[in-house]
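Examination of the molecular architecture
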Amino acid sequence: MRLLSTLAVLLACAGTALAQTASNAVPDGDDSSSQVDIASVRAMYDRSNDRLAHVIRFHAGIGPGDFRNAVDEHGPPGSVCINIWTRRTPWEASPNFDVCVSANDERELVASVSRLGSRGGVRRRGPASAELTSRRRLVVRFDPDLIRRPAAYRWSVEVTTFERGCTSRGCHDFAPGRGRSVRTELGTPTS
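A brief look at the structure comes next.

What counts, and at which threshold
- Residues numbered from 1 in each chain as written.
- Predicted model: local features only at pLDDT ≥ 70, side-chain atom pairs only at ≥ 80, totals over all residues.
- Heavy atoms only, no water.
- Pairing = 2+ DSSP bridges.
- Helix = DSSP H or I, 4+ residues; strand = E, 2+ residues; numbered from the N terminus.
- Disulfide = S-S within 2.5 Å.
- Buried < 20%, exposed > 50% of the residue type's maximum accessible area, 1.4 Å probe, protein only.
- Contact = heavy atoms within 4.5 Å.

1. Side note on the pairing of strand β8 (residues 122-127)
Sheet analysis places strand β7 (residues 109-116) next to β8, joined by five bridges and oriented antiparallel. In the sheet register, Arg115 faces β8, and the bridge partner there is Arg123. Once β7 ends, the chain turns through five residues before running back antiparallel as β8, passing Gly120 with a positive phi of about 100°.

2. Re the state of the cysteines
Per the stated rule, a full pass over the model turns up two disulfides. Across the disulfide, Cys81 is cross-linked to Cys100 (sulfur-sulfur distance 2.0 Å). Taking the sign of the S-S torsion, about 115° here, the bridge from Cys81 to Cys100 comes out right-handed. Of this pair, Cys81 sits in strand β5 (residues 79-85) while Cys100 is found in strand β6 (residues 97-103), placing the two residues 19 residues apart along the sequence. For Cys81, a relative accessible area of 11% puts it in the buried group. A sulfur-sulfur separation of 2.0 Å characterises the disulfide bridge that pairs Cys166 with Cys171. In this structure, the disulfide formed by Cys166 and Cys171 twists by about -110° around the S-S bond and is classed as left-handed. The exposure classification of Cys166 matches that of Cys171, with both residues buried. Take the cysteines of the protein chain that form disulfides and number them in order along the sequence; they join up as 1-2, 3-4.

3. Quick word on the environment of Ser94
Within the secondary structure layout, Ser94 lies in the loop between β5 and β6. As for Ser94 and Leu116, which are separated by 22 residues in sequence, their C-alpha atoms are 7.5 Å apart. Leave out the neighbours within four places in its chain, and Ser94 touches Trp85, Arg88 and Gly117.

This is how it looks when you write it as structure tokens:
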């Protein structure tokens, strides 16, 4: 009986491991003057709930208040955006989609998926979720149907903040570095 229960636990653990397809974490140095400075990024496809998840770690603790605009009170808030290329060449053309996280007036994180047109148009595709699972770890999840469920996609993360000392265009941080991207493959969802 003990052997059967041990086998059942091992099979359950193996099933969970097989249900996720993840990229390795891509490190990013302490290279931004912003409080919201990326330390590493990674993406995974969780087949068990059919969601893409991007995990962004920061060098220091952050909160929704770090996205307020301290340069221009009527200007845009700061954001964390996952730029996604499904058909266009990364960095040679604008992303096909972006998933952006910011804070609302109540200082709660809000996130959505948008489609970016080749001529600059932006159309919101649907909701995403954003959760600070710790002061230094942000997890962004969304339905792959919102990016037209590609077999694989390339992505990068961009942080823009408007803290004191930033220009009116903001302080920026990229991971991987500007001009680089990461490839993530999707599998088939489990039933």
